[in-house]
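Each chain, written out:
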Amino acid sequence: MDKFVIRGGNPLVGTIRVSGAKNSALPCMAAAILTEDEVTLENIPQVRDIETERRLLASMGAEVELREGKQQDQTTICCRTLSDPVARYEIVKTMRASSLVLGPLIARTGAARVAMPGGCAIGGRPIDLHIKGLEKMGAVITQEHGYLEARAERLRGAHLVFDKITVTGTEDLLMAAVLAEGDTLMENCALEPEVADLAALLNAMGARIEGAGTATIRVHGVSSLHGARYRINPDRIEAGTFLIAGAITGGDLIVSNCNAAHLGAAIAKLQEAGARIDVLGPDAVRVRAVAQLSAADISTEEYPGFPTDMQAQYMALATQAEGVSLVRENIFENRFMHVQELVRMGANIKVDGSTATVRGPTRLDSAAVMCSDLRASASLVLAALVAEGETIIDRVYHMDRGYERFEEKLIGVGAQIQRLGNVFAPRDPAEVAG
Ligand code: EPZ
């Protein structure tokens, strides 16, 4: 298993480029199931979750290039023949977002056999709301031996109101609705930009969707979709992670190729903590640290609130801020796995239920620490960038799931990081997805 060895103390200075959004790429790749034509997606990050989804689609009979793809930042998928519409547990257990194929498979083939994703490090991750919506659209879904068996002659348009805001639930049902008979009205939808990204691709494929990106989405079902070429959004969580890296190291960093309009909550919070942030244009944001960061509370909320996917990274910053920062995690029930590792590096953090109290600033010591999930990994890297000495971070395959060339990008702006071990080390069987 790969490790990072990081020597802290260097301010990050220069320009760091953001890759495409993993959480847009995953639903957009699943959308290719909805047509017999080729779908080409650009600005695709080369990360493990994308490779997992490629293998998943290929296992169902899709034509898709695997890692040795010619153009590294794009992928072409053709689901002309879906000879085996089954999402097997061996793949699903490593990436719960595999459940995103459920809606498209039913919409395209009238059947689907998808392994239940199971929980992961950050929480139970149920998909009951996906199932409830699909059943309301006429799917008959049973569960046996850990698999969902779904059938539907043709899905019917329905009025869906989500009991809870769910990002992939909104995406899964949006993909089910585009080929359904009649109109679908979806309320209490997720507002995350990745939903609008998916809807833009689907409309480019011939779907008729209005309101994506708002809480109310209307879909007029069509009989078929055609292929398309589409460029997905930059990754707003990677961009936010880099902004925190610039602030925590006292650097002067330009985060480029991002979408500044998606970074409102992160920018506002970093400014509240005293960092100097300048939006240089629609795709570039500059962060400069000032003498001393100040404590500021966060409460994770659905978009456009402060993202849960930025909570762990922000906590690393809070250890360097003067005062007491309260970090409330409202979305997932177990997303403080990074706390104990930060404490082992000297951080002063106390957890009480869904709130962590961070007292700072504390001098962080280098230590041997371990990644537990994708965003906790980023938190440990950020802490190591300011810790005294050399920190060893184990199980960085968690990081490789969602950050493209992470250490390479950080080294390019002055970080001292070395990756040890076999880059293609076998995955830890305990690896389950975020
Ligand atoms: C998406 O996960 C993201 N993943 C997550 O990013 C992100 O943390 C999350 O949205 C919240 O923003 C992808 O887009 C691939 P949810 P998702 O359904 O869709 C409950 C990362 O680090 N819920 O919005 O699975 C659920 O338990 C990953 O990149 C139900 O109860 O999250 C949670 O408490 C981690 N029933 C809340 O809703 C359901 O049927 C929000 O979950 C679905 C969800």
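Sequence order sets the numbering: in each chain, residues are counted from 1 along the sequence as written. At least 70 in pLDDT is required for a residue's local features to be given in this predicted model, at least 80 for side-chain atom pairs to be given and counted, and no such filter applies to totals for whole chains, interfaces and linings, which use all residues. As a rule here, side-chain values cover all heavy atoms of the structure and leave hydrogens and water aside.

1. Comments concerning the site of the ligand
- Think of it this way: one heavy atom of a residue within 4 Å of a molecule or strand is enough to make that residue near it. In the vicinity of the ligand there are 24 residues, among which D128, T166, T168, D309 and I331 approach most closely.
- For the purposes of these results, a polar contact is taken to be a pair of N or O atoms within 3.5 Å, where, inside protein, one atom must be able to donate a hydrogen and its partner to accept one; residues adjacent in sequence count only when each atom of the pair is a side-chain atom. In the environment of the ligand, an oxygen atom lies 3.1 Å from a nitrogen or oxygen atom belonging to the side chain of K22.
- Between the ligand and the protein, one listed contact pairs a nitrogen atom with a side-chain N or O atom of D128 at 2.7 Å.
- Using a 1.4 Å probe, accessible areas were evaluated by the Shrake-Rupley method; residue-level cover was limited to the displayed protein chains. Expressed as a share of its isolated accessible area of 820 Å², the protein-covered part of the ligand is 92%.
- The method works on a 1 Å grid over the protein atoms by themselves. A cavity is a set of points holding a 1.4 Å probe that cannot get out, a pocket is an open set with protein on both sides within 12 Å along at least five of seven lines, and residues with an atom within 4 Å of a point line them. Think of it this way: a molecule belongs to a cavity or pocket when more than half its atoms come within 2 Å of the grid points there. Here the ligand occupies the largest pocket.
- Broken down by element, the shell around the ligand gets its largest block of residues, three residues, from helix α5 (residues 128-136).
- Ten residue types, Ala, Val, Leu, Ile, Met, Phe, Trp, Tyr, Cys and Pro, are classed as nonpolar, four, Asp, Glu, Lys and Arg, as charged, and the remainder, Gly among them, as polar. A breakdown of the residues in the shell around the ligand according to their chemical character gives ten nonpolar, six polar and eight charged.
- When residues are assigned to domains, the shell around the ligand turns out to be shared by domain 1 (3-19 + 234-431) and domain 2 (22-231), each giving three or more. A run of H or I in DSSP becomes a helix once it reaches four residues, and a run of E becomes a strand once it reaches two; helices and strands are each numbered from the N terminus. Delimitation of the domains relies on an automatic or database domain assignment.

2. Describing the layout of surface pockets
- Of the pockets and cavities examined, the largest pocket occupies roughly 1000 Å³.
- For the largest pocket, the lining is made up of 45 residues, of which R125, T166, V167, I331 and F332 are closest to its centre.
- Elements with a contribution of two residues or more to the lining of the largest pocket: α1 (22-31), α5, α6 (167-177), α8 (236-248) and α12 (374-384).
- With four residues, α1 is the single largest residue contributor to the lining of the largest pocket.
- Split by domain, the lining of the largest pocket shows at least three residues from each of two domains, domain 1 (3-19 + 234-431) and domain 2 (22-231). Grid points are joined across faces, edges and corners, and a volume is the space filled by probe spheres set on the points.

3. Thoughts on the sheet that holds strand β21 (residues 355-360)
- Taken together, the four strands give an open sheet; going across it, the order is β18-β19-β21-β20, and neighbouring strands pair in mixed fashion. Whereas interior strands pair on both sides, the edge strands pair on one side only; in this sheet they are β18 (298-299) and β20 (348-352).
- When strand β19 (residues 323-328) meets β21, the two strands line up antiparallel, connected through six bridges. Residue pairing across strands places R328 opposite T355, the latter belonging to β21. Pairing between strands requires that DSSP locate at least two bridges from one strand to the other.

4. Quick word on the domain arrangement of the protein chain
- Under the domain assignment used here, the protein chain contains domain 1 (3-19 + 234-431) and domain 2 (22-231).
- Using C-alpha coordinates to define each centre, domain 1 is positioned 30 Å away from domain 2.
- Working rule for contacts: check all heavy atoms of both residues, and any pair within 4.5 Å makes them a contact. Listed per partner, the contact involves 30 residues of domain 1 and 24 residues of domain 2.
- As a working definition, buried area equals the accessible area (1.4 Å probe) given up by two parts on being put together, with both sides summed. Taken together, both faces of the contact between domain 1 and domain 2 bury some 2300 Å²; the carbon and sulfur share is 49%.
- The term salt bridge refers to a pairing of a side-chain nitrogen on Lys or Arg with a carboxyl oxygen on Asp or Glu at a separation within 4 Å. Between domain 1 and domain 2 we count two salt bridges in total.
- Put simply, R236 and E194 hold a salt bridge, and the shortest N to O gap is 2.8 Å.
- Listed by contribution, the elements that provide at least two residues to the side of domain 1 that touches domain 2 are α12 and α13 (397-400).

5. Describing the sheet that holds strand β14 (residues 228-231)
- Strand order in this open sheet of four strands is β4-β5-β3-β14, and the pairing throughout is mixed. Of all the strands in the sheet, the pair left with one neighbour each is β4 (63-64) and β14.
- Note: β4 against strand β5 (residues 74-78), two bridges, orientation antiparallel. Bridging across to β5, E63 finds its partner in C78.

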